[in-house]
Amino acid sequence: FLLRISTSGPSAIVDPWGRVLARTDPFSEASLVGTVHPRDDLTPYARIGDTFAILCGAVALLALWAPARRED
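Residues numbered from 1 in each chain as written. Predicted model: local features only at pLDDT ≥ 70, side-chain atom pairs only at ≥ 80, totals over all residues. Heavy atoms only, no water.

Caption draft 1: Just the side chain of threonine 24, in detail. By secondary structure assignment, the location of threonine 24 is in the loop between β3 (20–23) and α1 (44–48). Judged by relative accessible area, threonine 24 falls into the buried class, the value being 9%. With sequence-adjacent residues up to four places away left out, threonine 24 is seen in contact with Pro10, Ser11, Ala30 and Leu32. (Helix = DSSP H or I, 4+ residues; strand = E, 2+ residues; numbered from the N terminus. Buried < 20%, exposed > 50% of the residue type's maximum accessible area, 1.4 Å probe, protein only. Contact = heavy atoms within 4.5 Å.)

This is the structure in structure tokens:
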């Protein structure tokens, strides 16, 4: 969930799928009440960490190395 709290713009509660569940009008004095459910699963980054970034770096190095190897 995303809770956006602002003193000058709209405040809102957004669910994990991007749907706005509640919002206030811009530049209005209002209170926003809603329910937020904490996640009980792990995010993709918490599961695999920097593995994706390391694989991207390895692919980039292989892409740079492959053309140089063909010229030999």
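The discussion continues.
Caption draft 2: Spatial organisation of the sheet that holds strand β2 (residues 12–14). Across the sheet, which stays open at both edges, the three strands sit in the order β1-β2-β3 with antiparallel pairing between neighbours. Unpaired on one side and paired on the other, β1 (2–4) and β3 mark the two borders of the sheet. Sheet twist, expressed as the mean angle between neighbouring strand axes with direction ignored, is 10°. By the bridge criterion, three bridges tie β2 to β3 in an arrangement that is antiparallel. Looking at β3, one finds that isoleucine 13 is bridged to alanine 22. (Pairing = 2+ DSSP bridges. Axes fitted to C-alpha atoms, helices over the stretch in contact; angles between N-to-C directions.)

Caption draft 3: Layout of the pattern of salt bridges. For the structure on display, the rule yields two salt bridges. Where aspartate 15 meets arginine 19, a salt bridge forms, and the shortest distance between an N and an O atom there is 2.6 Å. For aspartate 41, the salt bridge goes to arginine 39, with nearest N and O atoms at 3.1 Å. Since its relative accessible area comes to 43%, aspartate 41 is described here as partly exposed. (Salt bridge = Lys/Arg side-chain N within 4 Å of Asp/Glu carboxyl O.)

Caption draft 4: Seen up close, unusual backbone geometry. One non-glycine residue with positive phi stands out, namely phenylalanine 27, at about 55°. In this fold, phenylalanine 27 is placed in the loop between β3 and α1. Take phenylalanine 27: its relative accessible area is 71%, and that puts it in the exposed class.

Caption draft 5: Geometry of the environment of arginine 4. In this structure, arginine 4 sits in strand β1. When the C-alpha positions of arginine 4 and serine 28 are compared, they lie 15 Å apart, and in sequence the two are 24 residues distant. Engagement of the side chain of arginine 4 in a polar contact is seen with the backbone oxygen of proline 10, the distance being 2.7 Å. (Polar contact = N/O pair within 3.5 Å; in protein donor to acceptor, adjacent residues only side chain to side chain.)

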